[in-house]
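Tertiary structure, described
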Amino acid sequence: MENKLYVYNSKTRKKELFEPINPGHVGMYVCGPTVYNEVHLGNVRTFVSFDVIYRYLKYSGYKVRYVRNITDVGHLTESGEDKVLKRAKLEQLEPMELVQKYTNMFHEMMSIFNTLNPDIEPRATGHLIEQMEMVQEILDNGYAYEKNGSVYFDTLKFNDDYKSYGKLSGRKIDELLTETRDDLKNQDEKRHASDFAIWMKASDEHIMKWNSPWSVGFPGWHLECSVMSTKYLGETFDIHGGGNDLKFPHHENEIAQNIGARGVEPVKYWLHSNMLLMNGRKMSKSDGNTISPYELFTGESPHVSKGYSPMAVRFFMLQSHYRSTLDLTDQAMQAAEKGYKKLMDAAHILNSMEHPGKGEVTDKDKKILSILEAMENDMNDDFNTPKALADTFELVNYINKLKDGHLDFKEISVDTFNKMKDTFVSFVYDVFGFRKEAAGDDKGMFEGMVELLITIRNEARANKDWATSDLIRDKLKEIGIQLKDGKDGTSWSKVG
RNA sequence: GGUCGGUUUGCCGAGUGGCUAGGCAACGGUCUGCAAAACCGUGUACACCGGUUCGAAUCCGGUACCGACCUCCA
């Protein structure tokens, strides 16, 4: 924590010095997925981005409480249907069954990408009581009104009192009011076009519904994040993250709800990650410009020539800044795959390398120290992973030169070498969150190796090179593999 | 239509008012039985038009194009 961290705050549109509300502690909330479908690659980018932010905050010595929710109710489609219900009907599952299915798949995917688990992962349906309480608070404060069993947030009154609706997303309420949304459900119940539901009365056929003072219904989508962030992080907390496209209306409404209920601005720093594009356009299922994580891994997609490993994808993502759009192309993925391998090879080499002693402080030594410093400075500058990664590759060059003898250990002091080792390894594994990947199927590789040794041994036997032949057989037996020479060739089995 | 952002070398992608980003690809070399890896070296940039400046790709203005949001979206 010696160096100062600056973060780009979407709300002020400036880089600001990061000063947590409680020194040494950080409260961070990130909008999680709506679990009605397989997580798509764009979501993954957002969660990977905030994973690195979480990791770096921890690396910097902060005690972080990271909350990421699961949305399992209240998120409606354009036509006003609940996303979860719609999908559950389609898959012929109980809504909670569907939610569990896609929650499990989401967790699996997060694990594949080696993201750390949040410290708390609350669900919207687990916080109905609290949501109703907040609706009541907002009503009591006069920033909401009830109509036919539904409760709407009064954006106009809120804006009159606080002059802040639309501040985050840079929108003016007058413009929002003039927009036509005739096609939206229950539009006539709202007093103003920009008002939004915080409690909705359910129709008879709607399954996911709860008793409330206003109607049998369900909470509005924006409410859960206000409620759960407040519950677990307090009325005001440090970081709120999410995808760019959640800025409006989701985050704008979240702020309004929190202020409407408690009179307090909930978030000190708003962080938004940018979109993942493919071939220059936003990924979109409707026009086929999309690829699922699994398709990307297997290569079963017209958009890629082959499959790419999850860590290569993670590397690809970290090679751009989280606030920039990132364009996925096959060529870019190939480049990322090779770069990732080069990085990890160097990490492996460095890990098994020891300084023989007797090093001196030279220009090279100083250069390495300055790179190590630069890596932290890069991350302190709004989590600039591409630049930190670029600096890491300068170290890769030094590591390879040490290995090949192009650079003498004498030119680097023991202290510097050890510091490089520590920092490099911490950055690669702890901050960037890369992990070693098995090259393909381990079992297949093992069997292939044994077959290979048998081939070599048979070669030796044919040449009557009994020494080599026996050496292979005896050494294999030592590690638990018994060879048996039969009429039909050599077979093997594991023993012991 | 409104709001915001972008346009960097063959591709992806950082950054800065004057100093090599980096990865991948290309070319030449070293090493090597061959290959791979690694190392050394090379080239091609900052959309366009104006302005500010000793100096701008970097700041300002305009133009063109692209994208996101405004409606479910990470």
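Each value, and the rule that gives it
Residues numbered from 1 in each chain as written. Chains lettered and ligands numbered in written order. Predicted model: local features only at pLDDT ≥ 70, side-chain atom pairs only at ≥ 80, totals over all residues. Heavy atoms only, no water. Near = heavy atom within 4 Å. Polar contact = N/O pair within 3.5 Å; in protein donor to acceptor, adjacent residues only side chain to side chain. Pairing = 2+ DSSP bridges. Helix = DSSP H or I, 4+ residues; strand = E, 2+ residues; numbered from the N terminus. Axes fitted to C-alpha atoms, helices over the stretch in contact; angles between N-to-C directions. Contact = heavy atoms within 4.5 Å. Buried < 20%, exposed > 50% of the residue type's maximum accessible area, 1.4 Å probe, protein only. Parallel < 35°, antiparallel > 145°, perpendicular 65-115°, else oblique. Nonpolar A, V, L, I, M, F, W, Y, C, P; charged D, E, K, R; others polar. Arc of directions from axis to C-beta. Core = buried A, V, L, I, M, F, W, Y, C linked by side-chain atoms within 4.5 Å. Domains from an automatic or database assignment. Salt bridge = Lys/Arg side-chain N within 4 Å of Asp/Glu carboxyl O.

Lining the immediate surroundings of RNA strand B are 50 residues, of which His75, Lys83, Trp221, Gly243 and Lys282 lie closest. Taking all atoms of RNA strand B within 4 Å of the protein, the share assigned to sugar and phosphate is 85%. Within the backbone of Gln319, a nitrogen or oxygen atom sits 3.2 Å from a sugar or linking oxygen of RNA strand B. Within the side chain of Ser324, a nitrogen or oxygen atom sits 2.8 Å from a phosphate oxygen of RNA strand B.

For the rest of this paragraph, the subject is the sheet that holds strand E10 (residues 267-273). If you trace the four strands from one edge of the open sheet to the other, you get E4-E3-E9-E10, paired in parallel fashion. Each edge of the open sheet is held by one strand with a lone partner, namely strand E4 (63-68) and E10. Each neighbouring strand pair of the sheet contributes to a mean axis angle of 20 degrees, computed without reference to strand direction. Examined bridge by bridge, strand E9 (residues 237-243) and E10 share six bridges and lie parallel to one another. Within E10, the position partnered with His240 by the bridge is Trp270. This element, helix H8 (residues 247-262), spans E9 and E10 of the sheet and lies at about 160 degrees to E9.

All right, on to unusual backbone geometry then. Look at the link from Phe248 to Pro249: it is a cis peptide, with omega at 0 degrees. In the Ramachandran plot, Gln92 falls in the positive-phi region, its phi being about 55 degrees despite a non-glycine side chain. Mapping Gln92 onto the fold places it in the loop between helix H2 (83-91) and helix H3 (95-112). Non-glycine residue Phe383 carries a positive phi angle of around 55 degrees. Mapping Phe383 onto the fold places it in the loop between helix H12 (363-380) and helix H13 (385-404). On the basis of relative accessible area, Phe383 is assigned to the buried category, the value being 1%.

Moving on to the environment of Phe50. Positionally, Phe50 belongs in helix H1 (residues 41-59). In this structure the C-alpha to C-alpha distance between Phe50 and Asn69, which are 19 residues apart in sequence, comes to 13 Å. The contact partners of Phe50, leaving out residues within four places of it in the chain, are Met28, Val30, Tyr66, Gly241, Gly242, Leu271 and Ser273.

With that settled, the discussion passes to the packing of helix H4 (residues 128-140) against helix H7 (residues 221-233). Put simply, H4 and H7 touch, their axes get as near as 9 Å, and they point 105 degrees apart. Taken as axis vectors, H4 and H7 run roughly perpendicular relative to one another. On the side of H4, the interface is formed by Glu130, Gln131, Met134 and Val135, while H7 contributes Leu223, Glu224, Ser226, Val227, Thr230 and Lys231. Of the residues that constitute the contact of H4 with H7, the class distribution is four nonpolar, three polar and three charged.

Our next topic: helix H5 (residues 155-162). Since there are 3.6 residues in each turn of an α-helix, residues three or four apart along the chain are aligned in direction. Residues of H5 that are buried include every one of Thr155, Phe158 and Asn159, and no others. An end-on view of H5 places all buried positions within 95 degrees of arc, on one side of the element. Once H5 ends, the next one or two residues include Lys163, with phi positive near 55 degrees.

Residues Met28, Leu57, Phe424 and Phe434 are the most contacted members of the largest nonpolar core, which totals 96 residues. Take this core: its biggest share by element is 10 residues, from H1. Of the domains in this structure, domain 1 (6-273) and domain 2 (278-431) are the two that each give at least three residues to this core. Excluding anything up to four places from it in sequence, Phe434 contacts Asn114, Met311, Arg314, Phe315, Leu318, Tyr340, Leu343, Met344, Leu389, Val428 and Tyr429.

This brings us to the pattern of salt bridges. Per the counting criterion, the structure on display carries 25 salt bridges. Measuring nitrogen to oxygen at the nearest pair gives 2.8 Å for the salt bridge that ties Asp51 to Arg55. In this pair, Asp51 and Arg55 are both assigned in helix H1, four residues apart and thus about one turn of the helix distant. Each of the two residues, Asp51 as well as Arg55, counts as buried. We note a salt bridge from Lys157 to Asp161, for which the minimum N-O separation is 3.3 Å. Here Lys157 pairs with Asp161, and both are found in helix H5, just four residues apart, close to one helical turn. Residue class for Lys157 comes out partly exposed when judged on its relative accessible area of 33%. Counted as one network, the salt bridges with shared partners bring together Asp51, Arg55 and Arg314.

Within the fold, Asn69 resides in the loop between E4 and H2. At 3.1 Å, the side chain of Asn69 forms a polar contact with the side chain of Thr71. For Asn69, the side chain forms a polar contact with the side chain of Glu224, separated by 2.9 Å.

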